[in-house]
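Reading the structure
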Amino acid sequence: AGMLAVLIWVKPRRLAAGICAGGFVLALAWWFSLKPSNQRDWQPDVAVLPYADIAGGQVTIHNIRNCDYRTETDFDVRHYDKTYNLEDLRTVDMFLVTWGSPHIAHTMVSFGFLNGDYVCFSIETRKEKGEDYSAVKGLFRQFELTYIIADERDLVRVRTNYRQGEEARLYRL
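Here the residue index of a chain counts from 1 through its sequence in written order. Thresholds applied to this predicted model are a pLDDT of at least 70 for local features of residues and 80 or more for the giving and counting of side-chain atom pairs; totals over whole chains, interfaces and linings are not thresholded and use all residues. As a rule here, side-chain values cover all heavy atoms of the structure and leave hydrogens and water aside.

**Side note on the overall build of the chain**
Numbering of helices and strands runs from the N terminus, with a helix taken as a DSSP run of H or I at least four residues long and a strand as a DSSP run of E at least two residues long. When you go through the chain residue by residue, the secondary structure sums to 4 helices and 10 strands. Its helices and strands taken in sequence order, the chain reads α-α-β-β-β-β-β-β-β-β-α-β-α-β from the N to the C terminus. Along the three orthogonal principal directions, the C-alpha set of the chain runs to about 75 × 35 × 35 Å. Counting the 173 residues in the chain, one finds 27% classified as buried. The contact rule is simple, with two residues in contact once any of their heavy atoms fall within 4.5 Å. For the chain, the proportion of contacts with a sequence separation of at least 24, taken over those separated by at least 6, is 52%. Summing over all exposed atoms, the chain offers an accessible surface of approximately 11,300 Å²; the carbon and sulfur share of this is 58%. We count Lys and Arg on the positive side and Asp and Glu on the negative side, and we leave His and both chain ends out. Every charge is mapped to an atom, namely NZ of Lys, CZ of Arg, CG of Asp or CD of Glu. Averaging the coordinates of the 21 positive side-chain charges in the chain and doing the same for the 22 negative ones gives two points 10 Å apart. Accessible area is worked out with a 1.4 Å probe on protein chains only. A residue is then buried under 20% of its type maximum, exposed over 50%, and partly exposed in between. Computed with a 1.4 Å probe, the accessible areas rest on the Shrake-Rupley method; for each residue, only the protein chains presented here act as cover.

**Here's the deal with the environment of Val-158**
The residue Val-158 is located in helix α4 (residues 152-162) in this model. Linking Val-158 and Arg-70, residues 88 residues apart in sequence, is a C-alpha distance of 9.6 Å. When sequence neighbours within four positions are dropped, the list of residues in contact with Val-158 reads Tyr-69, Arg-153 and Arg-163.

**Focus on the packing of aromatic side chains**
Think of a pair of aromatic rings as described by two things: how far the centres are apart, and how the planes are tilted against each other in angle. Between the rings of Phe, Tyr and Trp (Trp by its six-membered ring), a pair exists once the centres lie within 6.5 Å; its type follows the angle of the planes, with under 30 degrees stacked, over 60 edge-to-face, and the other angles tilted. This structure, assessed with the given rule, holds 5 aromatic pairs. Summarising the aromatic geometry, the rings of Tyr-133 and Phe-143 are spaced 5.6 Å apart at their centres and angled 20° between planes, so their arrangement reads as stacked. Of this pair, Tyr-133 sits in the loop between β8 (118-126) and α3 (135-139) while Phe-143 sits in the loop between α3 and β9 (144-151), and the two are 10 residues apart along the sequence. Each residue in the set Tyr-69, Phe-75 and Tyr-162 is aromatic and connected to the rest through ring pairs, giving one cluster.

**Things to note about the environment of Pro-12**
Structurally, Pro-12 is set in the loop between α1 (2-9) and α2 (13-33). Judged by its relative accessible area of 52%, Pro-12 falls in the exposed class. For the pair Pro-12 and Glu-128, spaced 116 residues apart in sequence, the C-alpha to C-alpha distance is 46 Å.

**Regarding the pairing of strand β6 (residues 89-99)**
Sheet topology note: the β6/strand β7 (residues 101-113) ladder contains 10 bridges and is antiparallel. Bridge pairing in β7 places Met-94 opposite Val-109. Hairpin connection, β6 to β7: the antiparallel pair is bridged by 1 residue, and Gly-100 has positive phi, about 70°. Two strands pair when backbone bridges link them, and β6 and strand β10 (residues 166-172) are joined in this way by 7 bridges, in the antiparallel orientation. Each residue of the ladder has a partner; that of Val-97, found in β10, is Ala-168. The rule for pairing is simple: two strands pair if DSSP sees at least two bridges between them.

**Overview of the nonpolar core**
One finds Trp-42, Val-46, Phe-95, Val-97, Met-108, Cys-120, Ile-148, Ala-150, Leu-155 and Val-156 forming the largest nonpolar core, which totals 10 residues. Sorting the residues of this core by element identifies β6, β9 and α4 as the ones contributing at least two each. In this view, Val-97 contacts Ile-104, Ala-105, His-106, Met-108, Arg-159, Glu-166, Glu-167 and Ala-168; residues no more than four positions away in its chain are not counted. Put simply, buried Ala, Val, Leu, Ile, Met, Phe, Trp, Tyr and Cys residues joined by side-chain atoms within 4.5 Å make one nonpolar core. Among the nonpolar cores identified, the runner-up in size contains 7 residues, and Val-59, Tyr-84, Phe-113 and Val-119 belong to it.

**Some thoughts on the packing of α1 against α2**
Between two packed helices, the angle of one axis relative to the other and the distance separating the axes together describe the packing. Interhelical geometry of α1 versus α2 gives an angle of 165° and a closest axis separation of 8 Å. In terms of their interaxial angle, α1 and α2 are classed as roughly antiparallel. Read as a crossing pair, α1 and α2 show a hand that is right-handed. In contact with Met-3, Val-6, Leu-7 and Ile-8 of α1, α2 contributes Arg-13, Ala-16, Ile-19, Cys-20, Gly-23 and Phe-24. Think of it as three bins: nonpolar holds Ala, Val, Leu, Ile, Met, Phe, Trp, Tyr, Cys and Pro, charged holds Asp, Glu, Lys and Arg, and polar takes everything else, Gly as well. Its residues placed into classes, the contact of α1 with α2 shows 8 nonpolar, 1 polar and 1 charged. Note on method: axes are straight lines fitted to C-alpha atoms, helices fitted across the in-contact stretch only, with angles between N-to-C directions ranging 0 to 180 degrees. Note on angle classes: values under 35 degrees are labelled roughly parallel, values over 145 roughly antiparallel, values of 65 to 115 roughly perpendicular, and the remainder oblique. Helix crossings get a hand from a simple test, with the near helix turned counterclockwise from the far one by less than a right angle marking a left-handed crossing and a clockwise turn marking a right-handed one.

All we've got here are geometric facts, nothing functional implied.
Spelled out as structure tokens, the structure:
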């Protein structure tokens with residue numbers, strides 16, 4: 001809106017274009033000055049970061065999330081560690097979750113193992129306590145991002161059973 005006002009009211013046009021270019025450079029500098037941090041008061045479902053140790057064909061994933069949901073916002077957060085034998089990997093599945101527009105989707109990837117275990121990976125916003133999600137704020141880098149490694153029942157069930165207006169589709173890869 002400010003750039004439009006400058007283009008309408010500032011004469012000559014070269015000066016208006018220069019002011020607009022300067023404003024764009026300042027906004028771009030602000031954009032790139034935003035730095036993520038791990039030192040915030042995070043919401044409980046994104047407070048603990050996962051990590052993995054790899055030894056040959058074994059991977060031990062630490063802090064696998066497994067929330068027990070009563071509602072979308074009322075849940076108990078639990079984490080566990082588990083070792084997976086990569087030779088026992090049997091399936092790779094992709095979930096596409098849509099809401100509102102069918103042209104925008106959240107992607108999750110799930111790995112299934114011989115013993116029936118499934119572990120799911122999702123990149124999500126890492127919200128602070130008291131902070132709500134906003135797609136507009138997300139476009140302006142107002143959220144940190146985090147990898148969620150969770151039991152498939154956690155990540156998929158919250159979207160299929162507790163969130164209104166979301167549709168999850170499974171694609172076997």
